[in-house]
Amino acid sequence: MTDYIRNIVNNQNVTSQATLIRGATILSMDGNVGNIERGDILINGSTITAVGQNLDVPGAHVIDATNMIAMPGMVDSHRHAWEGQLRRINPNATCLDDYSNATHFSFAKYYRPADIYVGNLLTALGAIDAGITTMIDNSHNSRTAAHSDAAVEALLDTGIRAIHASGAPVAGEWDKAHWPGNWQRLQDKYFTDNPESLVSLAVMAQLEPELWAEARRLGLSIVTEFFGAEMGSELESLHQQGLLGPDNIFNHCTALPDRGWKILREAGVRVNVCPRSDSHYGIESGMFAIEAAQRHGINPGLSVDNETSYSTDMFMEMRVAFYLQRVMGMHQQQCCDSEHALKTLPAAQLLKAATLDGAACAGLQDKVGSLTPGKQADLVLISISDLNLYPSGNAFGTVVHAAERSNIDTVMIGGRIVKQNGKVLGVDSARLRAAIDESREHLFAASGYQPDIFADTFLPLVQADWPG
(Lines give C-alpha, C1' and ligand atoms only; values in the text may rest on other atoms or scores of the structure.)
Protein backbone atom coordinates (compact mmCIF):
# COMPACT_ATOMS: atom_id res chain seq x y z
CA MET A 1 0.00 0.00 0.00
CA THR A 2 2.08 2.89 -1.29
CA ASP A 3 -0.92 5.20 -1.18
CA TYR A 4 -4.06 5.34 0.93
CA ILE A 5 -7.73 5.35 0.05
CA ARG A 6 -10.03 7.42 2.21
CA ASN A 7 -12.78 4.83 2.38
CA ILE A 8 -12.49 3.48 5.93
CA VAL A 9 -14.73 6.00 7.72
CA ASN A 10 -18.00 7.38 6.40
CA ASN A 11 -19.89 9.34 9.04
CA GLN A 12 -20.11 12.90 7.83
CA ASN A 13 -23.87 13.35 7.94
CA VAL A 14 -25.02 16.43 9.84
CA THR A 15 -28.64 16.87 10.81
CA SER A 16 -30.27 20.27 10.92
CA GLN A 17 -32.94 18.93 13.27
CA ALA A 18 -32.84 20.07 16.88
CA THR A 19 -31.67 17.40 19.32
CA LEU A 20 -32.88 17.22 22.91
CA ILE A 21 -30.91 15.12 25.38
CA ARG A 22 -33.45 14.46 28.10
CA GLY A 23 -33.19 13.32 31.70
CA ALA A 24 -29.40 13.16 32.14
CA THR A 25 -27.31 13.81 35.22
CA ILE A 26 -25.43 16.84 33.92
CA LEU A 27 -21.85 17.70 34.85
CA SER A 28 -21.61 20.95 32.95
CA MET A 29 -18.15 22.11 34.11
CA ASP A 30 -19.64 25.61 33.92
CA GLY A 31 -20.08 27.47 37.20
CA ASN A 32 -23.04 29.44 35.90
CA VAL A 33 -24.88 26.44 34.46
CA GLY A 34 -24.05 24.23 37.44
CA ASN A 35 -24.66 20.51 37.83
CA ILE A 36 -28.17 19.12 37.42
CA GLU A 37 -29.29 15.79 38.86
CA ARG A 38 -31.90 15.33 36.14
CA GLY A 39 -31.74 17.80 33.29
CA ASP A 40 -31.91 18.40 29.56
CA ILE A 41 -29.55 19.70 26.87
CA LEU A 42 -30.85 21.29 23.67
CA ILE A 43 -28.64 21.25 20.58
CA ASN A 44 -29.32 23.08 17.33
CA GLY A 45 -26.96 22.19 14.53
CA SER A 46 -23.47 22.14 16.04
CA THR A 47 -24.28 24.34 19.04
CA ILE A 48 -25.62 23.88 22.55
CA THR A 49 -28.51 26.33 22.85
CA ALA A 50 -29.96 25.50 26.29
CA VAL A 51 -29.17 23.48 29.41
CA GLY A 52 -31.82 23.15 32.08
CA GLN A 53 -34.79 21.18 33.33
CA ASN A 54 -38.03 20.24 31.61
CA LEU A 55 -37.08 21.75 28.27
CA ASP A 56 -39.95 21.38 25.79
CA VAL A 57 -38.96 21.50 22.13
CA PRO A 58 -41.66 20.29 19.72
CA GLY A 59 -40.21 18.36 16.80
CA ALA A 60 -36.78 17.86 18.32
CA HIS A 61 -35.05 14.52 18.03
CA VAL A 62 -35.05 13.18 21.60
CA ILE A 63 -32.23 11.15 23.13
CA ASP A 64 -33.42 9.48 26.33
CA ALA A 65 -30.51 9.95 28.73
CA THR A 66 -32.19 8.49 31.80
CA ASN A 67 -29.53 6.73 33.89
CA MET A 68 -26.78 8.53 31.99
CA ILE A 69 -24.22 11.15 32.96
CA ALA A 70 -23.79 13.93 30.41
CA MET A 71 -20.41 15.67 30.47
CA PRO A 72 -18.20 17.61 28.08
CA GLY A 73 -16.05 15.64 25.70
CA MET A 74 -12.56 15.14 27.07
CA VAL A 75 -9.54 16.93 25.64
CA ASP A 76 -6.19 15.21 25.11
CA SER A 77 -3.73 18.09 25.17
CA HIS A 78 -0.76 16.21 23.66
CA ARG A 79 -0.79 13.06 21.53
CA HIS A 80 1.61 11.64 18.95
CA ALA A 81 -1.16 10.27 16.77
CA TRP A 82 1.06 8.94 13.99
CA GLU A 83 2.19 6.09 16.26
CA GLY A 84 -1.26 4.46 16.40
CA GLN A 85 -0.28 1.13 14.81
CA LEU A 86 2.56 0.75 17.35
CA ARG A 87 0.19 0.35 20.30
CA ARG A 88 1.77 -1.36 23.32
CA ILE A 89 4.80 -2.48 21.35
CA ASN A 90 7.01 -1.35 24.24
CA PRO A 91 5.05 -1.80 27.50
CA ASN A 92 8.04 -2.06 29.82
CA ALA A 93 9.93 1.00 28.57
CA THR A 94 11.75 2.71 31.42
CA CYS A 95 13.17 5.87 29.82
CA LEU A 96 12.83 8.20 26.86
CA ASP A 97 15.53 6.31 24.98
CA ASP A 98 13.40 3.16 25.26
CA TYR A 99 10.47 5.09 23.81
CA SER A 100 12.60 6.49 21.00
CA ASN A 101 14.11 3.10 20.16
CA ALA A 102 10.61 1.83 19.40
CA THR A 103 9.54 4.92 17.46
CA HIS A 104 11.94 7.61 16.19
CA PHE A 105 15.08 5.48 15.89
CA SER A 106 13.37 2.55 14.18
CA PHE A 107 9.92 2.49 12.57
CA ALA A 108 9.54 6.25 12.10
CA LYS A 109 12.22 6.29 9.42
CA TYR A 110 10.20 3.94 7.23
CA TYR A 111 6.78 5.57 7.50
CA ARG A 112 5.10 6.20 4.18
CA PRO A 113 2.23 8.71 3.89
CA ALA A 114 -0.10 5.71 4.03
CA ASP A 115 1.35 4.71 7.41
CA ILE A 116 0.88 8.23 8.77
CA TYR A 117 -2.73 8.13 7.58
CA VAL A 118 -3.36 4.78 9.26
CA GLY A 119 -1.66 5.81 12.51
CA ASN A 120 -3.59 9.08 12.78
CA LEU A 121 -6.87 7.45 11.77
CA LEU A 122 -6.55 4.69 14.36
CA THR A 123 -5.49 7.06 17.13
CA ALA A 124 -8.34 9.47 16.44
CA LEU A 125 -10.97 6.72 16.27
CA GLY A 126 -9.62 5.26 19.50
CA ALA A 127 -9.83 8.68 21.12
CA ILE A 128 -13.47 9.08 20.05
CA ASP A 129 -14.26 5.62 21.39
CA ALA A 130 -12.77 6.69 24.74
CA GLY A 131 -14.77 9.93 24.96
CA ILE A 132 -11.94 12.21 23.80
CA THR A 133 -13.51 14.71 21.41
CA THR A 134 -10.54 17.07 21.01
CA MET A 135 -6.87 16.21 20.53
CA ILE A 136 -3.69 18.19 19.95
CA ASP A 137 -1.86 16.01 17.43
CA ASN A 138 1.90 16.35 17.98
CA SER A 139 3.03 15.12 14.58
CA HIS A 140 6.81 14.87 14.86
CA ASN A 141 7.26 12.59 11.85
CA SER A 142 6.34 14.91 8.96
CA ARG A 143 8.90 13.44 6.58
CA THR A 144 7.46 14.99 3.41
CA ALA A 145 4.59 17.24 2.42
CA ALA A 146 2.63 14.11 1.51
CA HIS A 147 3.10 12.78 5.05
CA SER A 148 1.65 15.98 6.45
CA ASP A 149 -1.31 15.82 4.08
CA ALA A 150 -1.99 12.26 5.15
CA ALA A 151 -2.01 13.21 8.83
CA VAL A 152 -4.46 16.07 8.30
CA GLU A 153 -6.73 14.04 6.04
CA ALA A 154 -6.96 11.22 8.58
CA LEU A 155 -8.08 13.67 11.26
CA LEU A 156 -10.62 15.20 8.89
CA ASP A 157 -11.99 11.78 7.97
CA THR A 158 -12.62 10.66 11.55
CA GLY A 159 -14.62 13.75 12.52
CA ILE A 160 -12.57 14.42 15.65
CA ARG A 161 -11.86 18.00 16.71
CA ALA A 162 -8.10 18.36 16.48
CA ILE A 163 -5.16 20.71 16.28
CA HIS A 164 -2.54 19.25 13.97
CA ALA A 165 0.89 20.42 15.14
CA SER A 166 3.20 19.66 12.24
CA GLY A 167 6.70 18.77 13.40
CA ALA A 168 10.06 17.72 12.02
CA PRO A 169 11.21 14.09 12.27
CA VAL A 170 13.69 13.27 14.99
CA ALA A 171 15.83 10.73 13.13
CA GLY A 172 16.55 9.38 9.66
CA GLU A 173 16.45 11.00 6.23
CA TRP A 174 13.60 13.36 5.40
CA ASP A 175 12.75 16.14 3.00
CA LYS A 176 14.15 19.19 4.76
CA ALA A 177 13.30 21.36 1.76
CA HIS A 178 9.63 21.37 2.73
CA TRP A 179 10.34 22.61 6.26
CA PRO A 180 9.08 24.95 7.60
CA GLY A 181 7.48 26.14 4.36
CA ASN A 182 5.12 23.21 4.69
CA TRP A 183 3.21 25.15 7.35
CA GLN A 184 2.15 27.83 4.87
CA ARG A 185 1.24 25.15 2.30
CA LEU A 186 -0.88 23.21 4.82
CA GLN A 187 -2.61 26.40 5.94
CA ASP A 188 -3.46 27.34 2.36
CA LYS A 189 -4.52 23.84 1.30
CA TYR A 190 -6.74 22.80 4.20
CA PHE A 191 -7.60 25.69 6.48
CA THR A 192 -7.59 29.20 4.98
CA ASP A 193 -10.92 28.78 3.18
CA ASN A 194 -12.46 26.46 5.76
CA PRO A 195 -12.85 28.39 9.02
CA GLU A 196 -15.54 26.01 10.29
CA SER A 197 -13.29 22.96 10.02
CA LEU A 198 -12.99 20.82 13.15
CA VAL A 199 -9.26 20.54 12.44
CA SER A 200 -6.86 23.48 12.69
CA LEU A 201 -3.11 23.93 12.33
CA ALA A 202 -0.26 24.48 14.78
CA VAL A 203 3.45 23.67 14.71
CA MET A 204 5.89 21.63 16.75
CA ALA A 205 9.22 23.28 17.50
CA GLN A 206 11.69 23.17 20.35
CA LEU A 207 13.31 26.33 21.75
CA GLU A 208 13.98 27.62 18.24
CA PRO A 209 13.17 31.35 17.92
CA GLU A 210 13.50 31.36 14.11
CA LEU A 211 10.85 28.67 13.76
CA TRP A 212 8.70 30.41 16.37
CA ALA A 213 8.88 33.61 14.32
CA GLU A 214 7.64 31.80 11.21
CA ALA A 215 4.82 30.20 13.18
CA ARG A 216 3.80 33.59 14.53
CA ARG A 217 3.86 35.10 11.05
CA LEU A 218 1.23 32.52 10.13
CA GLY A 219 -0.71 32.98 13.37
CA LEU A 220 -0.08 29.40 14.52
CA SER A 221 0.32 28.08 18.05
CA ILE A 222 3.70 26.56 18.93
CA VAL A 223 3.91 23.18 20.69
CA THR A 224 7.15 22.34 22.53
CA GLU A 225 8.29 19.22 24.36
CA PHE A 226 9.50 20.97 27.50
CA PHE A 227 11.41 19.21 30.26
CA GLY A 228 12.00 21.62 33.12
CA ALA A 229 15.35 20.73 34.62
CA GLU A 230 16.98 20.50 31.20
CA MET A 231 15.38 23.47 29.49
CA GLY A 232 14.23 25.75 32.31
CA SER A 233 17.51 27.68 32.40
CA GLU A 234 16.66 29.19 29.00
CA LEU A 235 13.31 30.63 30.07
CA GLU A 236 14.72 33.82 31.59
CA SER A 237 16.43 34.83 28.35
CA LEU A 238 13.43 33.88 26.21
CA HIS A 239 11.14 35.88 28.48
CA GLN A 240 13.38 38.96 28.48
CA GLN A 241 13.40 38.89 24.68
CA GLY A 242 9.60 38.74 24.62
CA LEU A 243 9.65 35.36 22.90
CA LEU A 244 7.20 33.60 25.23
CA GLY A 245 3.49 34.15 24.93
CA PRO A 246 -0.04 32.69 25.00
CA ASP A 247 0.61 31.02 21.65
CA ASN A 248 3.16 28.69 23.29
CA ILE A 249 1.99 25.25 24.43
CA PHE A 250 4.50 23.41 26.64
CA ASN A 251 4.20 19.65 27.21
CA HIS A 252 5.39 17.94 30.42
CA CYS A 253 7.09 20.85 32.28
CA THR A 254 8.67 18.40 34.73
CA ALA A 255 11.00 19.53 37.54
CA LEU A 256 10.67 23.22 36.67
CA PRO A 257 11.89 25.58 39.43
CA ASP A 258 9.57 28.21 40.90
CA ARG A 259 11.12 31.02 38.84
CA GLY A 260 10.38 29.05 35.68
CA TRP A 261 6.73 28.64 36.64
CA LYS A 262 6.47 32.36 37.39
CA ILE A 263 7.80 33.13 33.91
CA LEU A 264 5.29 30.78 32.28
CA ARG A 265 2.50 32.41 34.27
CA GLU A 266 3.61 35.96 33.39
CA ALA A 267 3.94 35.09 29.70
CA GLY A 268 0.63 33.23 29.54
CA VAL A 269 2.21 30.02 28.25
CA ARG A 270 -0.28 27.14 28.04
CA VAL A 271 0.71 23.92 29.78
CA ASN A 272 -0.26 20.26 29.80
CA VAL A 273 0.99 17.53 32.11
CA CYS A 274 1.42 13.80 31.55
CA PRO A 275 0.71 11.64 34.64
CA ARG A 276 1.42 8.28 33.00
CA SER A 277 4.09 9.29 30.50
CA ASP A 278 6.29 11.10 33.01
CA SER A 279 6.28 8.18 35.43
CA HIS A 280 6.37 5.41 32.81
CA TYR A 281 9.43 6.84 31.05
CA GLY A 282 11.11 8.04 34.25
CA ILE A 283 11.27 11.65 33.10
CA GLU A 284 13.37 13.44 35.73
CA SER A 285 11.66 12.66 39.07
CA GLY A 286 8.88 10.74 37.32
CA MET A 287 6.29 13.01 38.94
CA PHE A 288 3.94 15.02 36.76
CA ALA A 289 3.80 18.75 37.43
CA ILE A 290 0.19 19.62 38.21
CA GLU A 291 0.82 20.68 41.83
CA ALA A 292 3.59 23.10 40.91
CA ALA A 293 1.54 24.49 38.03
CA GLN A 294 -1.53 25.08 40.19
CA ARG A 295 0.55 26.59 42.96
CA HIS A 296 1.62 29.24 40.45
CA GLY A 297 -1.88 29.92 39.14
CA ILE A 298 -1.76 27.66 36.06
CA ASN A 299 -4.42 24.98 35.52
CA PRO A 300 -2.86 22.54 33.04
CA GLY A 301 -4.62 20.11 30.77
CA LEU A 302 -4.00 16.37 30.89
CA SER A 303 -2.43 14.40 28.06
CA VAL A 304 -1.98 10.76 27.12
CA ASP A 305 1.18 11.47 25.05
CA ASN A 306 1.34 8.16 23.17
CA GLU A 307 0.04 4.58 23.06
CA THR A 308 3.27 2.67 22.47
CA SER A 309 3.38 1.63 26.15
CA TYR A 310 -0.16 2.01 27.52
CA SER A 311 -3.77 2.85 26.61
CA THR A 312 -5.60 5.79 25.09
CA ASP A 313 -7.74 6.07 28.21
CA MET A 314 -8.25 9.53 29.75
CA PHE A 315 -10.13 7.91 32.63
CA MET A 316 -6.90 6.15 33.55
CA GLU A 317 -4.98 9.41 33.16
CA MET A 318 -7.20 11.01 35.79
CA ARG A 319 -6.81 8.04 38.15
CA VAL A 320 -3.05 7.92 37.84
CA ALA A 321 -2.99 11.66 38.53
CA PHE A 322 -5.09 11.17 41.66
CA TYR A 323 -2.94 8.39 43.11
CA LEU A 324 0.42 9.90 42.23
CA GLN A 325 -0.65 13.15 43.82
CA ARG A 326 -1.96 11.37 46.91
CA VAL A 327 1.14 9.25 47.51
CA MET A 328 3.54 12.14 46.91
CA GLY A 329 1.55 14.30 49.31
CA MET A 330 1.73 11.63 52.00
CA HIS A 331 5.45 11.24 51.41
CA GLN A 332 6.08 14.98 51.66
CA GLN A 333 4.01 15.36 54.81
CA GLN A 334 5.33 12.32 56.65
CA CYS A 335 8.93 12.19 55.51
CA CYS A 336 10.05 15.57 54.31
CA ASP A 337 7.97 18.16 56.19
CA SER A 338 7.70 20.02 52.91
CA GLU A 339 6.62 23.65 52.84
CA HIS A 340 4.60 22.84 49.72
CA ALA A 341 3.03 19.52 50.72
CA LEU A 342 1.15 18.07 47.77
CA LYS A 343 -2.60 18.00 48.12
CA THR A 344 -5.22 15.50 47.04
CA LEU A 345 -6.90 16.29 43.74
CA PRO A 346 -10.70 16.06 44.12
CA ALA A 347 -12.59 14.18 41.41
CA ALA A 348 -14.30 17.33 40.13
CA GLN A 349 -10.95 19.07 39.74
CA LEU A 350 -9.52 16.13 37.80
CA LEU A 351 -12.50 16.12 35.45
CA LYS A 352 -11.99 19.84 34.91
CA ALA A 353 -8.36 19.13 33.98
CA ALA A 354 -9.53 16.54 31.46
CA THR A 355 -12.14 18.85 29.91
CA LEU A 356 -12.15 22.62 30.44
CA ASP A 357 -8.45 22.98 31.32
CA GLY A 358 -7.53 20.85 28.32
CA ALA A 359 -9.68 23.06 26.13
CA ALA A 360 -7.84 26.11 27.47
CA CYS A 361 -4.51 24.45 26.70
CA ALA A 362 -5.73 23.97 23.13
CA GLY A 363 -6.92 27.57 22.95
CA LEU A 364 -10.49 26.33 22.44
CA GLN A 365 -12.01 27.26 25.81
CA ASP A 366 -14.54 29.53 24.08
CA LYS A 367 -15.72 26.63 21.90
CA VAL A 368 -15.53 23.44 23.99
CA GLY A 369 -14.69 22.05 27.42
CA SER A 370 -18.01 22.74 29.14
CA LEU A 371 -21.73 22.28 28.48
CA THR A 372 -22.39 25.97 28.02
CA PRO A 373 -25.07 27.45 25.78
CA GLY A 374 -23.34 28.96 22.77
CA LYS A 375 -20.47 26.46 22.80
CA GLN A 376 -20.04 23.59 20.39
CA ALA A 377 -21.95 20.40 21.20
CA ASP A 378 -18.97 18.21 22.08
CA LEU A 379 -20.24 15.86 24.77
CA VAL A 380 -20.26 12.35 26.18
CA LEU A 381 -23.08 10.26 27.64
CA ILE A 382 -21.99 7.62 30.16
CA SER A 383 -24.38 4.80 31.02
CA ILE A 384 -24.54 4.57 34.82
CA SER A 385 -26.96 1.64 34.68
CA ASP A 386 -24.06 -0.59 33.61
CA LEU A 387 -23.15 -3.29 36.08
CA ASN A 388 -19.80 -1.75 37.05
CA LEU A 389 -21.28 1.73 37.69
CA TYR A 390 -24.70 1.18 39.25
CA PRO A 391 -25.60 2.66 41.68
CA SER A 392 -23.84 5.97 41.17
CA GLY A 393 -23.28 7.32 44.66
CA ASN A 394 -21.40 10.38 43.40
CA ALA A 395 -21.45 11.60 39.82
CA PHE A 396 -17.89 12.96 39.74
CA GLY A 397 -16.59 9.90 41.55
CA THR A 398 -18.35 7.62 39.08
CA VAL A 399 -16.71 9.29 36.09
CA VAL A 400 -13.23 9.75 37.50
CA HIS A 401 -12.79 6.64 39.64
CA ALA A 402 -14.97 4.00 37.99
CA ALA A 403 -16.06 4.71 34.41
CA GLU A 404 -14.42 2.97 31.46
CA ARG A 405 -14.50 3.29 27.71
CA SER A 406 -17.13 0.55 27.57
CA ASN A 407 -19.52 2.69 29.65
CA ILE A 408 -19.61 5.43 27.02
CA ASP A 409 -22.93 5.13 25.23
CA THR A 410 -22.80 8.25 23.05
CA VAL A 411 -20.18 10.72 21.83
CA MET A 412 -21.11 13.89 19.98
CA ILE A 413 -18.68 16.28 18.24
CA GLY A 414 -19.96 19.55 16.84
CA GLY A 415 -23.52 18.29 17.16
CA ARG A 416 -22.82 15.15 15.16
CA ILE A 417 -23.13 11.75 16.82
CA VAL A 418 -19.92 9.78 16.24
CA LYS A 419 -20.49 7.03 18.80
CA GLN A 420 -23.90 5.60 19.62
CA ASN A 421 -25.07 2.64 21.67
CA GLY A 422 -21.45 2.00 22.58
CA LYS A 423 -20.15 1.78 19.00
CA VAL A 424 -18.14 4.26 16.92
CA LEU A 425 -20.20 4.97 13.82
CA GLY A 426 -19.31 4.79 10.15
CA VAL A 427 -16.17 2.66 10.48
CA ASP A 428 -15.53 -0.20 8.07
CA SER A 429 -13.80 -2.43 10.60
CA ALA A 430 -12.54 -4.94 8.02
CA ARG A 431 -10.89 -2.23 5.93
CA LEU A 432 -9.45 -0.59 9.05
CA ARG A 433 -7.86 -3.80 10.32
CA ALA A 434 -6.52 -4.64 6.86
CA ALA A 435 -4.90 -1.20 6.58
CA ILE A 436 -3.38 -1.50 10.06
CA ASP A 437 -2.04 -4.99 9.36
CA GLU A 438 -0.51 -3.94 6.04
CA SER A 439 1.13 -0.93 7.64
CA ARG A 440 2.63 -2.95 10.47
CA GLU A 441 3.92 -5.60 8.08
CA HIS A 442 5.64 -2.93 6.00
CA LEU A 443 7.18 -1.15 9.00
CA PHE A 444 8.38 -4.39 10.61
CA ALA A 445 9.92 -5.68 7.38
CA ALA A 446 11.56 -2.37 6.47
CA SER A 447 13.13 -1.96 9.90
CA GLY A 448 14.12 -5.62 10.34
CA TYR A 449 11.92 -6.08 13.39
CA GLN A 450 10.85 -9.57 14.35
CA PRO A 451 7.64 -9.22 16.38
CA ASP A 452 7.45 -11.02 19.72
CA ILE A 453 4.17 -10.46 21.53
CA PHE A 454 5.64 -11.89 24.75
CA ALA A 455 8.86 -9.84 24.82
CA ASP A 456 9.96 -8.19 28.08
CA THR A 457 11.89 -5.46 26.31
CA PHE A 458 12.08 -3.75 22.94
CA LEU A 459 15.68 -4.16 21.84
CA PRO A 460 17.17 -1.33 19.79
CA LEU A 461 17.11 -2.14 16.07
CA VAL A 462 19.76 0.37 15.04
CA GLN A 463 22.30 2.62 16.64
CA ALA A 464 20.46 5.66 17.99
CA ASP A 465 21.31 8.77 15.98
CA TRP A 466 19.51 11.35 18.09
CA PRO A 467 21.25 12.58 21.25
CA GLY A 468 18.14 13.81 23.09
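The shown structure was predicted, so the numbers you read here are calculated from the model rather than taken from an experiment.

(A) Focus on unusual backbone geometry. Geometrically, the link from Trp179 to Pro180 is a cis peptide bond, its omega value of 0 degrees lying close to zero. Turning to its location among the elements, Pro180 is positioned in the loop between β8 (161-166) and α4 (181-191). For the peptide bond that leads from Tyr390 to Pro391, omega is -5 degrees, which places it in the cis range. Mapped onto the fold, Pro391 is located in the loop between β14 (379-383) and α14 (395-401). Positive phi values are uncommon outside glycine, yet Asn54 reaches one of about 55 degrees. Along the chain, the position of Asn54 falls in the loop between β3 (47-52) and β4 (61-64). Here Asn54 falls in the exposed class, since its relative accessible area comes to 72%. Positive phi, normally seen in glycine, also occurs at Asn421, with a value near 55 degrees. By relative accessible area, Asn421 is classed as exposed at 65%.

(B) Structural context of the nonpolar core. In this structure, Trp261, Leu264 and Ile382 are the most contacted members of the largest nonpolar core, which totals 116 residues. Among the elements that line this core, the one with the most residues is helix α2 (residues 113-129), at ten residues. When neighbours within four sequence positions are excluded, Trp261 is seen to be in contact with Cys253, Leu256, Val271, Ala289, Ala292, Ala293, His296 and Ile298. In this structure, Ala24, Met68, Ala377 and Leu379 belong to the second largest nonpolar core, which totals 18 residues.

(C) Focus on the packing of aromatic side chains. Inspection of the entire model under this criterion finds 13 aromatic pairs. Ring plane angle 10 degrees and centroid distance 4.5 Å describe the contact between Tyr4 and Tyr117, whose orientation is recorded as stacked. You can see Tyr4 sitting in the segment before β1 (19-27) and its partner Tyr117 sitting in helix α2, a full 113 residues away along the chain. Just as Tyr4 is buried, Tyr117 falls in that class too. An angle of 85 degrees between the planes, with centres 5.0 Å apart, marks the rings of Trp82 and Tyr111 as edge-to-face. Pair noted here: Trp82 is in the loop between β6 (74-79) and α1 (96-101) and Tyr111 is in the loop between α1 and α2, with a separation of 29 residues, a long-range link. According to the relative accessible area criterion, Trp82 is buried, its value standing at 0%.

(D) The pattern of salt bridges, seen in detail. This structure, assessed with the given rule, holds 22 salt bridges. The residue Glu307 makes a salt bridge to Arg87 at a minimum N-O spacing of 3.0 Å. You can see Glu307 sitting in the loop between β13 (301-302) and α11 (314-336) and its partner Arg87 sitting in the loop between β6 and α1, a full 220 residues away along the chain. For Glu307, a relative accessible area of 4% puts it in the buried group. The exposure class assigned to Arg87 is partly exposed, which follows from its relative accessible area of 28%. In this structure, Glu307 engages Arg88 in a salt bridge whose closest nitrogen and oxygen atoms are separated by 3.5 Å. Remark: Arg88 occurs in the loop between β6 and α1 and Glu307 occurs in the loop between β13 and α11; sequence separation between them is 219 residues. We classify Arg88 as partly exposed; its relative accessible area is 38%. Each member of the salt-bridge network shares a partner with another, and the members are Asp76, Arg79, Arg87, Arg88 and Glu307.

(E) Seen up close, the confidence of the model for the chain. With 95% of its residues at a pLDDT of at least 70, the chain reaches an overall mean of 94. Here residues 463-468 scores under 50 on pLDDT; set against residues more than four positions off or in separate chains, the count is ten contacts.

(F) Geometry of the sheet that holds strand β11 (residues 248-254). A sheet is described by the order of its strands in space; here eight strands give the open sequence β6-β7-β8-β9-β10-β11-β12-β13, paired in parallel fashion. Each end of this open sheet is capped by a strand with a single partner; those strands are β6 and β13. In terms of strand pairing, β8 meets strand β9 (residues 199-204) through five bridges, oriented parallel. For His164, the partnering residue across the bridge sits in β9 and is Leu201. Sheet contacts for helix α3 (residues 145-158): β7 (132-139), β8 and β9; angle to β8, the most-contacted strand, approximately 170 degrees.

(G) Expanded view of the environment of Phe191. Mapped onto the elements, Phe191 comes out in helix α4. Judged by relative accessible area, which is 9%, Phe191 ranks as buried. Along the primary structure Phe191 and Leu201 are separated by ten residues, whereas in three dimensions their C-alpha atoms are 7.6 Å apart. Those residues within four positions of Phe191 in sequence are excluded, and the remaining contacts are Val152, Leu186, Val199, Ser200 and Leu201.

(H) Expanded view of the side chain of His80. In this fold, His80 is placed in the loop between β6 and α1. Within the local environment of His80, its side chain forms a polar contact with the side chain of Glu225, the two groups lying 2.9 Å apart. The contact partners of His80, leaving out residues within four places of it in the chain, are Tyr99, Asp137, Asn138, His140, Met204, Glu225, Asp305 and Asn306.

(I) A look at the environment of Val304. When you line up the elements, Val304 lands in the loop between β13 and α11. Looking at Val304, the relative accessible area reads 0%, which means it is buried. For the pair Val304 and Met135, spaced 169 residues apart in sequence, the C-alpha to C-alpha distance is 9.8 Å. Apart from residues no more than four positions distant in its own chain, Val304 is found in contact with Asp76, His78, Arg79, Arg276, Tyr310, Ser311, Thr312, Met314 and Glu317.

Definitions and cut-offs
Residue numbers restart at each chain and count upward from 1, following the sequence in its written direction. With pLDDT at 70 or above as the cut-off, local features in this predicted model cover only qualifying residues; side-chain atom pairs require 80 or more to be listed or tallied, and sums for whole chains, interfaces and linings still use all residues. As a convention, hydrogens and water are excluded, and side-chain values are obtained from all of the structure's heavy atoms. Working definition: helices are DSSP H or I runs of at least four residues, strands are E runs of at least two. Numbering for both runs from the N terminus. Relative accessibility decides the category of a residue: with a 1.4 Å probe and only protein chains considered, values under 20% of the type maximum give buried, values over 50% give exposed, and everything between is partly exposed. The term nonpolar core refers to a set of buried residues drawn from Ala, Val, Leu, Ile, Met, Phe, Trp, Tyr and Cys, joined through side-chain atoms within 4.5 Å. Here a residue-residue contact requires only that any non-hydrogen atoms of the pair lie within 4.5 Å. Between rings of Phe, Tyr and Trp, where Trp is taken as its six-membered ring, a pair exists when centres lie within 6.5 Å; planes separated by under 30 degrees are stacked, by over 60 edge-to-face, and by other angles tilted. For this document, the term salt bridge refers to a Lys or Arg side-chain nitrogen within 4 Å of an Asp or Glu carboxyl oxygen. On a scale of 0 to 100, pLDDT captures the predictor's confidence in every residue. At least two DSSP bridges between two strands are needed for those strands to be called paired. To define axes, lines are fitted to C-alpha atoms, for helices over the stretch in contact only, and angles between the resulting N-to-C directions are given on a 0 to 180 degree scale. Distance and chemistry together define a polar contact, namely a pair of N or O atoms within 3.5 Å, with one atom able to donate a hydrogen and the other to accept it when in protein, and with adjacent residues in sequence counting only for side-chain atoms on both sides.

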